[in-house]
Amino acid sequence: MTRIAVVEGDGIGHEVIPVAQKALEVLHPEYEYFPVEVGYGRWEQTGCPCADRDIAALRTADAVLFGAVTTPPMKDYQSVVLRIRKALDLYANLRPVKGDGFDMMIARENTEGLYSGIEEIGPDRATTLRVVTRAGTKRIVREGIRLAQQRGENLTIGHKANVLKSDVFFRDICVAEAKMAGVSCTEKLIDALCLDILQHPEKYDVIVTTNIFGDILSDVASYLIGGLGLVPSANIGDRYALFEPVHGSAPDIAGKNIANPIATLRSAAMLLEHLGDTGGAVRIESAIQQVLASGTRTRDLGGSAGTREFGDAVLRVIGNQG
Ligand code: NAD
Ligand code: IPM
Ligand code: MN
């Protein structure tokens, strides 16, 4: 029996996840879906945003469908999604951005870099240690190389090796691995890359980069296709996999039924792809395209459909696909 852990989390997670879960349920009524409650809301109620038993529950699933969690900028609060990514060793964060004439895949290292968690706040100085390991770099660049080979395209390394010695290390390992694999590889400084993907998105295919640069680059890239409501992601490790929109809990629009559920629907499609159901993934994407083409859109795309209305329209199309 295939088991899917479903995490709504906080904010618009409570609105977009039910849409995506319903789509999965229509395509796979035989799967078992079970909720796992974590996040800031849970912390407010119980003082604990994510317990060890929640991590254990996620480990029992074949895949996790994840909404978003609120992470307040507080000294002693640890981001739940970062904890889960580390606990499940989900080292590859894959963020596809596909539009008219371009199709890029940001392969973001997801377990180290500036998110090492080695940090402290002193009375007059605060530090965060940026950790780049050989093993961590090899496994993300090998994933990037695998994707580039599969897609028959090239690899771009995004880094800041002109300033950061940890990125000289990252870059050198990436270049050596690409050379060994016979994959054509270019490189670009991350700041210039942020602009160039907007001006010349067609030049890019797989972009491999470190943790926080991939975080920023993917929000930037979302501009190319209409914003954060549209970009999904897969967090992949050797044993576990979690699928979530790139956006967060969006407290500014939460509870209003206006969030765009497309990023989460696409994350559900990536989940199906991961479980081997490419047909199901295609059905979700073509239903999204059909509903958009009919003029039904949420507010972020200039329309007036609510989250639920857009979701229902997608579900109807999936149900009629025959
Ligand atoms: P955000 O992604 O939540 O929102 C940024 C902007 O995009 C907001 O104006 C929001 O309304 C809009 N937006 C986001 N998703 C949308 C959607 N589906 N439809 C329409 N508009 C959408 O980023 P933020 O405001 O910087 O962060 C809010 C909270 O979310 C923070 O606590 C942050 O830590 C958290 N966060 C969590 C995750 C995650 O759980 N993976 C990811 C990013 C941010
Ligand atoms: C994302 C988010 C997270 C990240 C935060 C909420 C920890 O911004 O998934 O893009 O930085 O990875
Ligand atoms: Mn982000």
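Up top is the structure these notes are about.
Residues numbered from 1 in each chain as written. Chains lettered and ligands numbered in written order. Predicted model: local features only at pLDDT ≥ 70, side-chain atom pairs only at ≥ 80, totals over all residues. Heavy atoms only, no water.

Draft legend 1. Spatial organisation of the site of ligand 1. Taken together, the neighbourhood of ligand 1 is formed by 20 residues, with Thr71, Gly248, Ala250, Asp252 and Asn260 sitting nearest. A distance of 3.0 Å separates a nitrogen atom of ligand 1 from a polar atom in the side chain of Glu244. Between ligand 1 and His247, the relevant distance is 3.3 Å, taken from a nitrogen atom to a side-chain nitrogen or oxygen of the residue. Within the complex, the protein chains bury 69% of what would otherwise be the 810 Å² of accessible surface of ligand 1. When its residues are assigned to classes, the shell around ligand 1 shows 10 nonpolar, 7 polar and 3 charged. (Near = heavy atom within 4 Å. Polar contact = N/O pair within 3.5 Å; in protein donor to acceptor, adjacent residues only side chain to side chain. Areas by Shrake-Rupley, 256 points an atom, 1.4 Å probe, with all protein chains shown as cover. Nonpolar A, V, L, I, M, F, W, Y, C, P; charged D, E, K, R; others polar.)

Draft legend 2. The arrangement of the pairing of strand 9 (residues 185-189) in detail. Direction of pairing for strand 8 (residues 155-159) relative to strand 9: parallel, over a ladder of 5 bridges. Along strand 9, the bridge assignment pairs Ile157 with Glu187. (Pairing = 2+ DSSP bridges. Helix = DSSP H or I, 4+ residues; strand = E, 2+ residues; numbered from the N terminus.)

Draft legend 3. Inspection of the packing of helix 7 (residues 190-199) against helix 8 (residues 211-222) at higher detail. Packing of helix 7 against helix 8 brings their axes to within 9 Å, and their N-to-C directions diverge by 20°. Relative to helix 8, helix 7 is oriented roughly parallel. In the crossing of helix 7 with helix 8, the sense of the turn from one axis to the other is right-handed. Listed contacts from helix 8 to Ile190, Leu193, Cys194, Ile197 and Leu198 of helix 7 are Phe213, Leu217, Val220 and Ala221. Tallied by class, residues from the contact of helix 7 with helix 8 come to 9 nonpolar, no polar and no charged. (Axes fitted to C-alpha atoms, helices over the stretch in contact; angles between N-to-C directions. Parallel < 35°, antiparallel > 145°, perpendicular 65-115°, else oblique. Left-handed = near helix turned anticlockwise from the far one by under 90°. Contact = heavy atoms within 4.5 Å.)

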